[in-house]
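# Topology and contacts: notes
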Amino acid sequence: MIHLKTLNKKQLDNFVSSGEFQNYDFLPITAHRAKSHITNPKANDDQTLLILAFDDDQLAGYIGCLPDEFTIDGKPFNYAWLSTLFISNQFRGKRIAQTLLNKAFEEYQGNIAITEFTKEAESLYRKIGVFKYIKPKHGKRYYFRADLETIIPSKKEKTKPFKPVFKIADSVGNFFISIKNSYVKQPSFPFEILDKPDAESADFITTFKSNRNADEINLAIENPWILEGETEDKKYLFSSYSQSFRYFWVKVYCDNNNLITCSLLMLRDGHLKIPYLFTNSDLTQFIDFLSYFIVEHRVKMMTSYQKELNEKINSNMSFPNIHQRKIERRYMFHQEFLDHLPKNFNPDFQDGDGDCLMT
């Protein structure tokens, strides 16, 4: 018989600190992800963060919730992102996913949002008929280095034996790319690269409309869902480790030393993302900085949903990409969530809103 167990901040802390979460065939959460949920300033003490589904005494599946909020008419409006949903193959066919989802809907009065979902999950969300698509974000993926050794075998399994050939081709291509990039120099204007936002950055951010402030960005940086490590945790089916994972807080100044741009960069295994960007400039200097950063850190590709930045890059002939393609990030809101929001409400998401900042 299927029964559910909900965990709020205190209960999740006890669940992880006791080691109980490791007693199952698969992990419903990692210790570092649990810590991140517990320190989330937008989660109150009573909100459910993790829901476990048991078939008798066996863990059958789980769903994770990441509380968030909008400010509407000066007041906080609470909702949650679905951050994980997993059902063990052993228990498929028992409608456990639907049971977990219904419980999450109940816990948050239908105020549920989802993004970065897999095709399988999207099919489920569409099938249950309670989610609606809202306006997606259109972005670009930029490529800076040849990586045939990774790209082709990942798309065509039969080409794996040819990886040594692709590696040689990558080496030749990247040699010539390196010659071209040798002309990219460190910018002459002032800039800083910090581990996290400082007091000056916090003051600067307050002049912009944003769903996160500097303190919230700091907490996310200090409590990541991804840790650097060589080996993935086989018992956890979502992202938990990468060979390299680091945040960079960037401050760009104009020539008279006035701060004009702050941005959070996230670099994971050669893939650069721009979760947050705050600027009162035309972005020319920030793009010059990005070019330098990409070459200096040997970035393989960059994903950006920052519309103005992408438009400006398109007109910048010196940006070091060798290829680019259009991408889309879709969002789904529960119908009740939409009913609770003002008509024509614009969530005004940045790239890092939701759990996108964490992975």
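The sections below set out a description of the structure shown in this document. All figures in this text were calculated on a predicted structure; none of them were measured in a lab.

Summing up its helical and strand segments, the protein chain has 11 helices and 16 strands in all. Taking 2.2 N^0.38 as the reference for a compact globule, 359 residues should give roughly 21 Å; the C-alpha atoms of the protein chain span a radius of gyration of 22 Å, in line with that estimate. Overall, the C-alpha framework of the protein chain stretches about 65 × 60 × 40 Å when taken along its three principal axes. Counting only contacts in the protein chain whose residues sit at least 6 apart along the sequence, the fraction spanning at least 24 positions is 70%. Of the roughly 18400 Å² of accessible surface on the protein chain, 49% is carried by carbon and sulfur atoms. Across the protein chain, 46 positive and 46 negative side-chain charges occur, with their mean positions spaced 8 Å apart.

The strand order across the open sheet formed by seven strands is β1-β2-β3-β4-β5-β16-β6, and the pairing between neighbours is mixed. This sheet does not close on itself; its edge strands, each paired only once, are β1 (2-7) and β6 (131-133). Recorded for the sheet is a direction-independent mean angle of 30 degrees between the axes of neighbouring strands. Here six bridges tie strand β2 (residues 50-55) to strand β3 (residues 58-72), and the two strands are oriented antiparallel to one another. When the sheet's bridge partners are listed, aspartate 55 is paired in β3 with glutamine 58.

Time to look at the packing of helix α5 (residues 148-155) against helix α6 (residues 163-181). Contact geometry of α5 with α6 gives a least axis separation of 8 Å together with a crossing angle of 145 degrees. Residues Leu148, Glu149, Ile152 and Pro153 of α5 touch α6, and the partners they reach there are Lys163, Phe166, Lys167, Ala169 and Asp170. Of the residues belonging to the contact of α5 with α6, the class tally is five nonpolar, no polar and four charged.

As for its placement among the helices and strands, leucine 272 is situated in strand β13 (residues 271-279). Separated by 258 residues in the primary sequence, leucine 272 and asparagine 14 place their C-alpha atoms 35 Å from one another.

Among the secondary structure elements, isoleucine 217 is positioned in helix α8 (residues 214-222). On the basis of relative accessibility, which here comes to 0%, the residue isoleucine 217 falls in the buried class. In sequence terms isoleucine 217 and tyrosine 331 are 114 residues apart; their C-alpha atoms lie 22 Å from each other.

Another point: the packing of aromatic side chains. Two aromatic rings are characterised by how far apart their centres lie and by the angle between their planes. As enumerated under the stated definition, the model contains 33 aromatic pairs in all. Between phenylalanine 117 and tyrosine 125, the ring centres sit 6.4 Å apart and the planes meet at 80 degrees, which makes this aromatic pair edge-to-face. Each of the two residues, phenylalanine 117 as well as tyrosine 125, counts as buried. An aromatic cluster is built from Phe70, Phe77, Tyr79, Trp81, Tyr331, Phe333, Phe337, Phe345 and Phe349, whose rings are joined through pairwise contacts.

Here threonine 30 is to be found in the loop between α1 (9-17) and α2 (31-38). Considered as a pair, threonine 30 and glutamate 296 are 266 residues apart in the sequence and their alpha carbons are 33 Å apart. In contact with threonine 30, other than residues within four places in its own chain, are Phe21, Tyr236 and Ser240.

With 13 residues, helix α9 (residues 284-296) ought to run about 18 Å at 1.5 Å a step, and its terminal C-alpha atoms sit 19 Å apart, in line with that. All of the buried residues along α9 are Gln285, Phe286, Ile287, Phe289, Leu290, Ser291, Tyr292, Phe293 and Ile294. Tucked into the core, α9 has its buried residues touching β8 (191-194), β11 (245-253), β12 (259-268), β13, β14 (301-304) and α10 (307-314).

With that settled, the discussion passes to the nonpolar core. One finds Leu264, Phe337 and Phe349 to be the most contacted residues of the largest nonpolar core, which totals 33 residues. Those elements that provide at least two residues to this core are β3, β4 (75-87), α7 (199-205), α8, β11, β12, β13 and β16 (331-334). Those residues in contact with phenylalanine 349 that lie beyond four places of it in its chain are Phe70, Tyr79, Trp81, Ile134, Lys137, Asn211, Tyr331 and Phe333.

Turning next to the packing of α1 against α2. For the pair α1 and α2, the least separation of the axes is 10 Å and the interaxial angle reads 160 degrees. Considered as vectors, α1 and α2 are oriented roughly antiparallel to each other. Of the two possible hands of crossing, α1 and α2 adopt the one that is left-handed. Contact with α1, carried on its side by Lys9, Leu12, Asp13 and Val16, involves Ala31, Ala34, His37 and Ile38 of α2 and no other residues of that element. Within the contact of α1 with α2, the residues separate by chemical class into five nonpolar, one polar and two charged.

Another point: α2. Listing the buried residues of α2 in full gives His32, Arg33, Ala34, Ser36 and His37. Buried positions along α2 lie against α1, β3, β4, β9 (227-228) and β10 (241-242).

Our next topic: the side chain of asparagine 40. On the secondary structure map, asparagine 40 appears in the loop between α2 and β2. Aside from chain neighbours lying at most four places away, what touches asparagine 40 is Lys9, Leu66 and Pro67.

This paragraph deals with the pattern of salt bridges. Taken as a whole, this structure holds 18 salt bridges when the rule is applied. Linking glutamate 116 and arginine 329 is a salt bridge whose minimum nitrogen-to-oxygen distance equals 3.0 Å. Taken as a pair, glutamate 116 in the loop between β5 (112-115) and α4 (119-128) and arginine 329 in strand β15 (residues 323-329) lie far apart in primary sequence, 213 residues in all. When its relative accessible area of 6% is taken as the criterion, arginine 329 is described as buried. Across the pair arginine 330 and glutamate 328 runs a salt bridge whose closest N-O atoms are separated by 3.8 Å. Residue classification places arginine 330 among the partly exposed residues on the basis of a relative accessible area of 37%. Three or more residues are tied together by salt bridges with common partners; here these are Glu192, Asp198, Glu200 and Lys251.

Calculation criteria
Along every chain, residues carry numbers that run from 1 in the direction the sequence is written. This being a predicted model, a pLDDT of at least 70 is required before a residue's local features are given, and a value of 80 or more before pairs of side-chain atoms are given or counted; all residues contribute to the totals for chains, interfaces and linings. Hydrogens and waters are ignored; side-chain quantities use all the structure's heavy atoms. Helix and strand assignments come from DSSP, with helices taken as H or I runs of at least 4 residues and strands as E runs of at least 2, each series counted from the N terminus. The globule rule used for comparison is 2.2 Å times the number of residues to the exponent 0.38, while the radius of gyration itself is calculated over C-alpha atoms. Throughout, a residue-residue contact means that at least one pair of heavy atoms, one from each residue, lies within 4.5 Å. Here the accessible surface of atoms and residues is derived via Shrake-Rupley with a 1.4 Å probe, and residues count as covered only by protein chains that are part of the display. Neither His nor the chain ends is counted toward charge; the positive residues are Lys and Arg and the negative residues Asp and Glu. Taken as the charge location is NZ of Lys, CZ of Arg, CG of Asp or CD of Glu. Between any two strands, at least two bridges found by DSSP are needed for them to pair. In this analysis an axis means a line fitted to C-alpha atoms, helices contributing only their contacting stretch, and an angle means the value between N-to-C directions, from 0 to 180 degrees. For this classification, the nonpolar set comprises Ala, Val, Leu, Ile, Met, Phe, Trp, Tyr, Cys and Pro, the charged set comprises Asp, Glu, Lys and Arg, and every other residue, Gly included, is treated as polar. The buried label applies to any residue whose accessible area, calculated with a 1.4 Å probe on protein chains only, is under 20% of its type's maximum; exposed applies above 50%, and partly exposed to all values in between. Each Phe, Tyr or Trp ring, with Trp reduced to its six-membered ring, pairs with another whose centre is within 6.5 Å; inter-plane angles below 30 degrees give stacked pairs, above 60 give edge-to-face pairs, and intermediate values give tilted ones. Here the expected length of a helix is defined as 1.5 Å per residue gap, with one fewer gap than residues. Side-chain atoms within 4.5 Å are what join buried Ala, Val, Leu, Ile, Met, Phe, Trp, Tyr and Cys residues into a set we call a nonpolar core. Any angle from 65 to 115 degrees is called roughly perpendicular, while one under 35 is roughly parallel, one over 145 is roughly antiparallel, and all others are oblique. A crossing counts as left-handed when the near helix is turned anticlockwise from the far one by less than a right angle, and as right-handed when that turn is clockwise. Only one rule defines a salt bridge in this text: a Lys or Arg side-chain nitrogen within 4 Å of an Asp or Glu carboxyl oxygen.

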